[in-house]
Amino acid sequence: MSASNCIFCKIVAGAIPSRKVYEDEEIFAFHDIHPWAPVHFLLIPKLHLASMAQVAPEHQALLGRMLALAPRLALQEGCNPYPEGGFRILCNTGAEGGQEVQHLHFHVMGGPRPWLRA
Ligand code: AMP
Ligand code: ZN
């Protein structure tokens, strides 16, 4: 279920500290250590999936739950309401997709602009 050398699996296990945003049986969310935006947290499955490239039909419900959770957590963490506020969900996949940590994660970013990165 977890990869012994994976930093995000270690965060889920509590072996590496994080600023937790949310946790249930299948999902974990925590603040990004290098935020680009006033609100920036990562939403991950507890199950070790390296990236979106490994997603299979049996993961559909899990991914659906993650996406459906994002708006509630975004507001909880201080994103302003849609449409004046809102948030961005980003999922880098693979080297050419800009992925650095090989455990599937959705970045959820929001808050007043400008941001560190557009
Ligand atoms: P990506 O480039 O999409 O793989 O993004 C990986 C993200 O993980 C980056 O935004 C990092 O700042 C973030 N990150 C790496 N290590 C940690 C950590 N220990 N706690 C919180 N966020 C982290
Ligand atoms: Zn992992």
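Before reading on, note that the structure itself is shown above.
Small disclaimer: the values here were computed from a predicted structure and weren't measured.

A. Representation of the layout of surface pockets in the model. Within this model, the largest pocket holds a volume of roughly 570 Å³. As for the largest pocket, its lining consists of 23 residues, and the residues nearest its centre are Phe8, Asp32, Ile33, His34 and Leu42. Put simply, the parts of the chain that give the lining of the largest pocket at least two residues each are helix 1 (7–13), strand 2 (27–31) and strand 3 (39–45). At 3 residues, helix 1 tops the list of elements feeding residues into the lining of the largest pocket. Taken together, the residues of the lining of the largest pocket sort by class into 10 nonpolar, 9 polar and 4 charged.

B. Looking closely at the nonpolar core. Ranked by internal contacts, the top residues of the largest apolar core, which has 19 residues, are Tyr22, Ile27, Ala29, Phe41, Leu43, Met66 and Leu73. Broken down by secondary-structure element, the contributors of at least two residues to this core are strand 1 (20–23), strand 2, strand 3, helix 2 (60–76) and strand 5 (106–110). With 7 residues, the single largest contributor to this core is helix 2. Apart from residues no more than four positions distant in its own chain, Met66 is found in contact with Ile27, Leu43, Ile44, Pro45 and Phe106. Grouped together as the second largest cluster of nonpolar side chains are 9 residues, Phe8, Ile11, Phe28 and Leu42 included.

Rules and cut-offs
- Residues numbered from 1 in each chain as written.
- Chains lettered and ligands numbered in written order.
- Predicted model: local features only at pLDDT ≥ 70, side-chain atom pairs only at ≥ 80, totals over all residues.
- Heavy atoms only, no water.
- 1 Å grid on protein atoms, 1.4 Å probe; cavity = no way out; pocket = protein on both sides within 12 Å on 5 of 7 lines; lining within 4 Å.
- Points joined across faces, edges and corners; volume = space filled by probe spheres on them.
- Helix = DSSP H or I, 4+ residues; strand = E, 2+ residues; numbered from the N terminus.
- Nonpolar A, V, L, I, M, F, W, Y, C, P; charged D, E, K, R; others polar.
- Core = buried A, V, L, I, M, F, W, Y, C linked by side-chain atoms within 4.5 Å.
- Buried < 20%, exposed > 50% of the residue type's maximum accessible area, 1.4 Å probe, protein only.
- Contact = heavy atoms within 4.5 Å.

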